[in-house]
Every structure is written in structure tokens, then in C-alpha cells.
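# Observations on chain architecture
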Amino acid sequence: MTVIRLALLLALTFSAPAFAQKAKGEAKETPPAAAIEEKPAPYDARLERLSEILGAVHYLRNLCLDKPEDGWRASMQRLIALEAANEPKRQEKLTAAFNRGYRSFAAIYTACTDSAVVAEERYRNEGATLATEITARFGN
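So, here is what we can say about the structure in this document. (Residues numbered from 1 in each chain as written. Predicted model: local features only at pLDDT ≥ 70, side-chain atom pairs only at ≥ 80, totals over all residues. Heavy atoms only, no water.)

Time to look at the overall build of the chain. If you tally the helices and strands in the chain, you get five helices and zero strands. Secondary structure elements in the chain, listed N-terminal to C-terminal, are α-α-α-α-α. Taken over 140 residues, the chain has a buried fraction of 36%. Considering only contacts in the chain between residues 6 or more positions apart, those separated by 24 or more positions represent 81%. In the structure as shown, the chain presents an accessible area of about 8600 Å², 56% of it carried by carbon and sulfur atoms. (Helix = DSSP H or I, 4+ residues; strand = E, 2+ residues; numbered from the N terminus. Buried < 20%, exposed > 50% of the residue type's maximum accessible area, 1.4 Å probe, protein only. Contact = heavy atoms within 4.5 Å. Areas by Shrake-Rupley, 256 points an atom, 1.4 Å probe, with all protein chains shown as cover.)

Shown next as C-alpha cells:
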């Protein structure tokens, strides 16, 4: 069930990146629940790739927009909350993938260029495709 909610959330995120977003200070954090036994999901590799894509798109969109947006990072936080809320190791893997995607483009692009715009669009499309595939294959 979480895969379906996740895919719908990500499909909305990738198809409409300009939705209004909350400011950093508005988000309320909940205390962590007791850790449960961590079992890898059959789609974990795909989720890691999706996390990496979210990090890359977050960097590239903020690089190329006049006004910073935080929606992609917020999408990553929702992904972690839905898929790995009580699984610290999965949280670490997904967070590391997001950071890897972000840093890989931060090391290359320091200014918005035509190739940065193309890369952002391609990554966004790959993310939408990946979210759809995860839902189609692993959603009940």
C-alpha cells in the first residue's frame, strides 16, 4: 500500500514541480518511533536510484530558478517517511543516495547552462518513469 501512495506522490511531484511549498521552519518533526526489524524490499535499488534523481533535480532546479524551491527535498523526506520510517539503515541509504545525486551535479555545475536544463529535464522524466514502474510492478 505504501508503494502506491509513494508512486502517486512522486508522480504528482514529477509532473507538477511548481506546486506551492512550505518554508523550512513550517515543517513539524515527529519523534522517531521504535525501530523495527529491517527487511530489504525488492524495490530498494529502484528507490535508491529515485532518491539519487531527487537529489540531482533538487540541485539543478535551484541552480536554474530565480527563486529557490524546496519541494524536491520535501519529496525526499516524504519518501523516507513512507518507506523507511522505522528503519534507520534504509533511511541512511536513501539519504546517502539523495546526497550523492545532489553532490554529483554540484561538482559539475556552478551556473545554470543549457546542458544543466537538459539534465534536469531528463532526470525528472527518468524519475517519473521509475515511480510509475515501481508502482506497476510492486504496487498491490
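Another aspect to go through is helix H4 (residues 88-106). Along its 19 residues, H4 runs 26 Å from first to last C-alpha, staying within 8% of the 27 Å computed at 1.5 Å per residue. Arg 90, Leu 94, Ala 97, Phe 98, Gly 101 and Phe 105 are the residues of H4 that are buried. An end-on view of H4 places all buried positions within 90° of arc, on one side of the element. Exposed side of H4, more than 90 degrees from the buried face: Lys 89, Glu 92 and Arg 103 are the residues found there. Where H4 is buried, its residues meet helix H2 (44-64), helix H3 (71-84) and helix H5 (114-138). (Expected span 1.5 Å × (residues − 1). Arc of directions from axis to C-beta.)

Turning to the nonpolar core, a few remarks are in order. Note that soluble globular proteins tend to have their nonpolar side chains buried in a common cluster. Among the nonpolar cores identified, the biggest contains 17 residues, and Tyr 43, Leu 47, Met 76, Leu 79, Leu 94 and Ile 134 are the most heavily contacted of them. Where this core is concerned, the elements lending two or more residues are H2, H3, H4 and H5. With seven residues, the next largest nonpolar core counts Ala 56, Phe 105, Tyr 109 and Ala 116 among its residues. (Core = buried A, V, L, I, M, F, W, Y, C linked by side-chain atoms within 4.5 Å.)

On to the environment of Arg 73, then. Checked against the element boundaries, Arg 73 lands in helix H3. According to the relative accessible area criterion, Arg 73 is partly exposed, its value standing at 24%. Separated by 22 residues in sequence, Arg 73 and Ser 51 have C-alpha atoms that sit 9.7 Å apart.

All right, on to the pattern of salt bridges then. Here the structure, examined in full by the defined rule, presents 10 salt bridges. For Glu 126, the salt bridge identified is with Arg 49, shortest N-O distance 2.9 Å. A residue pair is termed long-range when its members are at least 10 positions apart, and Glu 126 in helix H5 and Arg 49 in helix H2 qualify at 77 residues. For Glu 126, a relative accessible area of 32% puts it in the partly exposed group. Across the pair Arg 73 and Asp 70 runs a salt bridge whose closest N-O atoms are separated by 2.2 Å. The network of salt bridges with common partners includes Asp 44, Glu 83, Glu 87 and Arg 90. (Salt bridge = Lys/Arg side-chain N within 4 Å of Asp/Glu carboxyl O.)

Quick look at the packing of H2 against H3 now. Two elements in contact, H2 and H3, have axes separated by 8 Å at closest approach and are oriented at 160°. Regarding the angle of H2 to H3, the classification is roughly antiparallel. Remark: the crossing between H2 and H3 carries left-handed chirality. The segment H2 lies against H3, with Leu 47, Leu 50, Ser 51, Leu 54, Val 57, His 58 and Arg 61 engaging Trp 72, Arg 73, Ser 75, Met 76, Leu 79 and Glu 83. Counted by class, the contact of H2 with H3 contains seven nonpolar, three polar and three charged residues. (Axes fitted to C-alpha atoms, helices over the stretch in contact; angles between N-to-C directions. Parallel < 35°, antiparallel > 145°, perpendicular 65-115°, else oblique. Left-handed = near helix turned anticlockwise from the far one by under 90°. Nonpolar A, V, L, I, M, F, W, Y, C, P; charged D, E, K, R; others polar.)

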